[in-house]
Structure formats: structure tokens, C-alpha cells
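Close look at the chain arrangement
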Amino acid sequence: MSKPSCSKNGWPQGLDDYSHRAEITNVYALTATEKLYQIQIIDPVARRNFLFRAGQFVMLEVPGIGEAPFSISSSPSRRGDIELCIRAVGTMTNFLGRLERGVMVGISGPFGTCFPVEDMVGEDVLLLAGGLGIVPLRAPIMTVLENRSRYGRVDIIYGARRPSELLFGYQHAMWRQFDVGLEVIVDEGEEGWQGPVGLITDILGQRLGQGERCQFVDKTNAIVCGPPVMFKYVCDMLIKAGLPMEKIFVSLERRMHCGQGKCCRCNIGSTYTCVDGPVFDYWSVLNLKEAI
Ligand SMILES: Cc1cc2nc3c(=O)[nH]c(=O)nc-3n(C[C@H](O)[C@H](O)[C@H](O)COP(=O)(O)OP(=O)(O)OC[C@H]3O[C@@H](n4cnc5c(N)ncnc54)[C@H](O)[C@@H]3O)c2cc1C
Ligand code: FES
């Protein structure tokens, strides 16, 4: 794809098949630093044809400001719009944080590999998220819940630094209604917090300690999203408990520029995390030097 040049009004010209004009239709503040953006592709045919799988990402372009990759956080079965949950960290994301509904943006994608949730049908699914890792995890969570009867035991373990940083709290009760074991833990409590304080690995240790799970561990799939330090400890525990590395899936985030294997910004050796990832099984991750 050649990079679209900008017109006088800042709108990109020459959008290709992957690129769509879109509108931010709703913005919800979730925490002090994260907002949920509902984004609708303008062209009805392109909107209908925009299909993605859990774990994939889009490149979001704010005309005149920049472009950056974001995981699609809504269900792949949701038609009409996509949801992105974005943390304000720098130039573009802080600019986005000041926008309101009605603003026009560009969406390219979907790009990258996905969590193979269809292959997990009939088996247990363990979803583990640390911090912003709950954002890419929300799409496979929704897919599993929409097809709940097709999966065995489903557990979500979600950790954040503080209760005020927890994302999608308004949906936690709904997730539990689908016979899902949801455990939420924070590094440090705040006034009013009655849940556990500690690390994700504390909860995971309790779960893996149950004989029932260990017995069926070869029928368990794990999806892990979070900071690299969390991957290492969580995946080590899962492997020690007997989970095959090929059934542990992680999403690796690297700095990305083009999102399409063309700019060499995201590669680890000959592997491009934008095309060959961002979702990898843990066996592949261990074979990628300095991946985590
Ligand atoms: C596949 C993928 C999916 C992503 N999904 C999400 C998502 O769903 N929600 C979300 O909020 N963010 C997500 N990110 C990160 C997001 O792309 C960056 O936060 C964004 O590019 C920052 O742009 P900026 O112009 O605001 O920051 P800049 O001004 O470019 O940088 C500000 C600061 O953020 C750091 N930074 C920028 N990009 C990254 C990155 N990729 N990883 C770690 N640090 C970074 C910089 O080092 C710098 O310290 C994702 C990244 C990738 C690669
Ligand atoms: S982001 Fe350009 S090659 Fe991956």
C-alpha cells in the first residue's frame, strides 16, 4: 500500500481497499486515561464487508495528526461499528482523548493474526489479562460468551494496578452471568475495594492448584494479554501445570508504523509482529529471540 497523500483539508486521498473513512460515533470515558471509541465506517458496503477476528488490530488515522495501531475490542459478530479502547500516552492518543463524537477518522485493516477461539470449542478456556491487556482480550471473551454452550469451563483472571484503573467494570456482572469464573485482583487497594489485593499469579496459583483443572489441563487453552513481565511469569506457571505451549496464546505489542510488513519497524529477526502476529502461540514466542 502506498501511503495516501493528504488533501488541503487534511483528508487522506487515494485510500486503498484496506482504508476507510469513518466517524467516531460515541466516546465513553472509562478511567482517567482510557476512553472507549465507537467508530463506524461511512460507506455502507465497506462497513458490511469489514469482517475481523478476535485479536486483530486496525490502524487508526487522525488526519493531520498521525496513525497508530489499536486492537479491536468489540465482538467480531457486532455489525455496524467497532470499539477501540485507547489509553492516552502520547501525541496522537492525547489528541484523540480531546475529541468528541462526530469527528472523521481513517480506519485501515483489519490486520494481523487472531486468537484461534474456534479451535478451542469443546475445551476449557482460561483468559488472563494484565492492565490494558483486557482490551484485546475483550473480543475473544465476547466470542466465547456468545457461544458459551460450545466451550467447557471458562475462567477470566484480570489484574490492574488499582481499582480505579479497572476497565469494563460495567460488564463484569454480565460476564459472570454466562457461567464464567471471573476473578479481579489489584496491586494496591483503594477506598471501598473489597476484592483481593495481589498479583494475577496469586489467583492463577489457586486455580491451577485445583486438582480438577490439572487433571484436564491438556484440554485447556490459555489466552494471555498484558505487559511482557506478566507473560513470563504467567506462561511459566501454565507450562509447569502441564498446559502444552501450543495451547497458550499471547499478543505481542511492538512499536508499529505501517502494520503491513513494509516498514521493518516491528520485526524480531525475520518475524514481523504486524503480519506474523500480534498473536503467537507460546512455543513460537520462545523461539523468537528477545520477544519478551
Ligand atoms: C498491535 C497493537 C495493538 C495496540 N492496541 C492498543 C489498544 O487497543 N489500546 C491502546 O491504548 N494502545 C494500543 N496499542 C499501543 C498504541 O498503538 C500506542 O499507544 C500509540 O501508538 C501511541 O501513539 P501516540 O502518538 O499517542 O504516542 P507517541 O507520542 O508516539 O509515544 C508516546 C509514548 O508511548 C510509547 N509508545 C508508543 N507506542 C507504543 C507501543 N506500541 N508500545 C509501548 N509503548 C508505546 C512511546 O514510547 C512513548 O513513550 C497497540 C499497539 C500495537 C502494536
Ligand atoms: S509495522 Fe511496518 S513492518 Fe510491521
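Summarised in this report is the structure supplied together with it. Treat the numbers as computed from the prediction; the structure is a model and nothing was measured.

**What about unusual backbone geometry?**
In this structure, the amide linkage connecting Gly-109 to the following residue, Pro-110, adopts the cis form with an omega of 5°. Between Gly-277 and Pro-278 the backbone carries a cis peptide bond, its omega angle lying at 10°. One can find Pro-278 in the loop between strand E13 (271-272) and strand E14 (279-281). The phi dihedral of Phe-168 is positive, around 60°, even though this residue is not glycine. Of note, Phe-168 is situated in the loop between strand E8 (154-160) and helix H4 (169-177). By C-beta crowding, Phe-168 is classed as buried, having 20 other C-beta atoms within 10 Å. Look at Cys-264: it is not a glycine, yet its phi comes out positive at around 60°. Examined against the element boundaries, Cys-264 turns out to sit in the loop between strand E11 (248-251) and strand E12 (267-268).

**Digging into the packing of helix H5 (residues 200-208) against helix H7 (residues 228-240)**
Put simply, H5 and H7 touch, their axes get as near as 10 Å, and they point 10° apart. Taken as axis vectors, H5 and H7 run roughly parallel relative to one another. Residue-level contacts link Ile-200, Thr-201, Leu-204, Gly-205 and Leu-208 of H5 to Met-230, Tyr-233, Val-234 and Met-237 of H7. Taken together, the residues of the contact of H5 with H7 sort by class into seven nonpolar, two polar and no charged.

Definitions and limits used
- Residues numbered from 1 in each chain as written.
- Chains lettered and ligands numbered in written order.
- Predicted model: local features only at pLDDT ≥ 70, side-chain atom pairs only at ≥ 80, totals over all residues.
- Helix = DSSP H or I, 4+ residues; strand = E, 2+ residues; numbered from the N terminus.
- Buried ≥ 20, exposed ≤ 12 C-beta atoms within 10 Å, placed from the backbone.
- Axes fitted to C-alpha atoms, helices over the stretch in contact; angles between N-to-C directions.
- Parallel < 35°, antiparallel > 145°, perpendicular 65-115°, else oblique.
- Contact = placed C-beta atoms within 7 Å.
- Nonpolar A, V, L, I, M, F, W, Y, C, P; charged D, E, K, R; others polar.

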